[in-house]
Amino acid sequence: MATTPEPTPEPSAAESGPAADCAVVVVTWNGAHLLPECLDALVGRSTELVVVDNGSTDGTAGVVRSRYPTVRLITLDTNTGFAAAANRGIEATRAPFVVLVNNDAVCAPGFLPALLAPFTNDPQVGAVTARIVLASRYRLDSSAADGLVDSRGRRWVASADGVELLNSTGAEVTVSGNGRDRDWLTPVGDGSSASDVFGFCGGAAALRRAALDDVGLFDESLFLYYEDTDMSWRLRRRGWSVVYAPDAVARHRHAASSGTRSEFFLWHNERNRLIVAVRQAPFSVVFRAVGHFVVHALRERSIRRHISVAAQVTRRLPRLLRERRAIDARATISRAAVARYLVPDRPGR
């Protein structure tokens, strides 16, 4: 795969503190309309700032080259998925900490120092996850035909006079292997204050390079979704912790790059949930994940999609079981100990 790297900028003399020790990687695909706001909040605030253009066809590369000459640009020939593109960005940097920021997220002032601060307090912190706030305001509307649905089944619709809602304060995994954002659609003031969380949200998070060297990069075969959940399992099994930094705030345009009800989203989400469960979770979770998968196939009448997913996972099963054994051989923390972080499924889901 061909890449076209731009020169890495020299650190600004004005940079000081922990933010100067990090590289920021932004993966983008056809996000020329999103990037300027994202990059304006990041330029000059880290040792390295890298944009990985994932085969865009909307002029993204031209926007970066013309408007952000100090940003290092890596252009990929095709859309390789988030996991592979993030890996190319990580591999192209040298800083001891790597920050991932979605192209549809805008970091608030002080984001980087706040996100990196937990690393200085504990050498076992492998990842830090940010406080991600939805960019729009929302109000409850039970009669709406669309909108965002919270854990209680309530529907929220965008409204200028609504309230601010959380997108994520870290990643959770349920007892049926379902990955989800902690505090999804919780009003900003009511979010969790617990710093210890199962995993990080790849939309705005920092990773210790030493931890990546230990557990490996993202699984590129996942393409998109659950790659952060999979890595969080690997970090936990090797004794690395994941913590939440509430003062590191990023505002996110939810699903601005890919819709959450598209067939593309649903297929990858369902496939990757099963793959990660088989590879990482206790078998009790795997059995629940399969049951959950069958029930949803019948309830949603999406048999064709579910058959396609089941076929892929079945073909990959021998490899997944080998990977499961390899993870166990290197693990310093038992699977059962990590499984204590698992949370109940939401009613009806």
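First things first, this report covers the structure right here in the doc. (Residues numbered from 1 in each chain as written. Predicted model: local features only at pLDDT ≥ 70, side-chain atom pairs only at ≥ 80, totals over all residues. Heavy atoms only, no water.)

## Considerations on the pairing of strand β12 (residues 204–208)
- Counting buried positions along β12 gives five out of five residues, so the element sits mostly inside the fold.
- Side chains Ala204, Ala206 and Arg208 project from β12 onto one buried face, and the interleaved Ala205 and Leu207 project onto a second face that is buried too.
- When strand β4 (residues 97–101) meets β12, the two strands line up antiparallel, connected through five bridges. Bridge pairing in β12 places Leu100 opposite Ala205.
- Bridge count for strand β6 (residues 125–140) against β12 is three bridges, and the pairing is antiparallel. Looking at β12, one finds that Ala127 is bridged to Leu207. (Buried < 20%, exposed > 50% of the residue type's maximum accessible area, 1.4 Å probe, protein only. Helix = DSSP H or I, 4+ residues; strand = E, 2+ residues; numbered from the N terminus. Pairing = 2+ DSSP bridges.)

## Describing the pattern of salt bridges
- Applying the stated rule across the entire model yields 20 salt bridges.
- For Arg253, the salt bridge identified is with Glu37, shortest N-O distance 2.9 Å. One end of the pair, Arg253, is in the loop between β13 (241–252) and α7 (263–280); the other, Glu37, is in helix α1 (residues 35–40), and 216 residues separate them in sequence.
- For Glu37, a relative accessible area of 41% gives the class partly exposed.
- Across the pair Arg139 and Asp141 runs a salt bridge whose closest N-O atoms are separated by 3.5 Å.
- With relative accessibility at 38%, the residue Arg139 sits in the partly exposed group.
- A network of salt bridges, in which partner residues are shared, links Asp219, Asp230, Arg234, Arg279, Arg316, Arg319 and Glu323. (Salt bridge = Lys/Arg side-chain N within 4 Å of Asp/Glu carboxyl O.)

## Things to note about the environment of Ala336
- Mapped onto the elements, Ala336 comes out in helix α10 (residues 335–339).
- Counting along the chain gives 14 residues from Ala336 to Arg322, while the straight-line C-alpha distance between them is 19 Å.

## Overview of the pairing of β6
- Note that β6 and β13 share nine bridges and pair parallel. What sits directly across from Arg131, in β13, is Val249.
- Of the strand pairs in this sheet, β6 and strand β9 (residues 163–168) are connected by four bridges, and their pairing is antiparallel. Of the residues in β9, the one forming a bridge with Ile132 is Ser168.
- As defined by bridge partners, β6 adjoins strand β8 (residues 155–158) across three bridges and the pair is classed as antiparallel. Each bridged residue has a counterpart across the sheet, and for Arg139 the counterpart in β8 is Val157.

## Focus on α7
- Its 18 residues give α7 an end-to-end C-alpha distance of 25 Å, which sits within 8% of 26 Å, the value for a rise of 1.5 Å per residue.
- By the criterion of burial, α7 is predominantly enclosed, with 16 of the 18 residues buried. (Expected span 1.5 Å × (residues − 1).)

## Side note on unusual backbone geometry
- The phi torsion at Asn30 lies on the positive side, around 50°, for a residue other than glycine.
- Structurally, the position occupied by Asn30 is in the loop between β1 (22–28) and α1.
- Relative accessible area serves as the criterion here: at 22%, Asn30 is assigned to the partly exposed category.
- One non-glycine residue, Leu185, lies in positive phi territory at about 60°.
- Within the secondary structure, Leu185 is located in the loop between β11 (179–181) and β12.
- Look at Leu185 and you get buried, because its relative accessible area is 2%.

## Comments concerning the packing of aromatic side chains
- Enumeration according to the criterion identifies eight aromatic pairs in this entry.
- Seen from their ring centres, Phe200 and Phe218 are 6.4 Å apart, and the 55° between their planes marks the pair as tilted. A residue pair is termed long-range when its members are at least 10 positions apart, and Phe200 in the loop between β11 and β12 and Phe218 in the loop between α5 (209–215) and α6 (227–237) qualify at 18 residues.
- Of the residues examined, Phe200 reaches a relative accessible area of 0% and is grouped as buried.
- Ring pairing ties together the aromatic residues Phe82, Phe200 and Phe218, which thus form one cluster.
- Arg324 extends its terminal NZ or CZ atom over the ring of Phe283, reaching a point 3.9 Å from the ring centre. (Phe/Tyr/Trp six-rings, centres within 6.5 Å; stacked < 30°, edge-to-face > 60°. Lys NZ or Arg CZ within 6 Å of the ring centre and 35° of its normal.)

## Things to note about a nonpolar patch on the surface
- There is a patch of nonpolar side chains on the surface, built from Val290, Val294, Leu298, Ile303 and Ile307 and spanning about 450 Å² of accessible area.
- Mapped onto the nonpolar patch, the elements with two or more residues apiece are α8 (283–300) and α9 (303–330).
- When residues of the nonpolar patch are assigned to their parent elements, the largest contribution, three residues, is made by α8.
- Relative to the assigned elements, Ile303 resides in helix α9. (Patch = residues over 30% accessible without salt bridge, like charges linked within 9 Å, V, L, I, M, F, W, Y side chains within 5 Å. Areas by Shrake-Rupley, 256 points an atom, 1.4 Å probe, with all protein chains shown as cover.)

## Section: the packing of α6 against α7
- Where α6 contacts α7, the two axes come as close as 10 Å, and the packing angle between them is 10°. Between α6 and α7, the angle is such that the two are roughly parallel. Residues Thr229, Asp230, Trp233 and Arg234 of α6 form the contact with α7, whose own contacting residues are Val276, Arg279 and Gln280.
- Within the contact of α6 with α7, the residues separate by chemical class into two nonpolar, two polar and three charged. (Axes fitted to C-alpha atoms, helices over the stretch in contact; angles between N-to-C directions. Parallel < 35°, antiparallel > 145°, perpendicular 65-115°, else oblique. Contact = heavy atoms within 4.5 Å. Nonpolar A, V, L, I, M, F, W, Y, C, P; charged D, E, K, R; others polar.)

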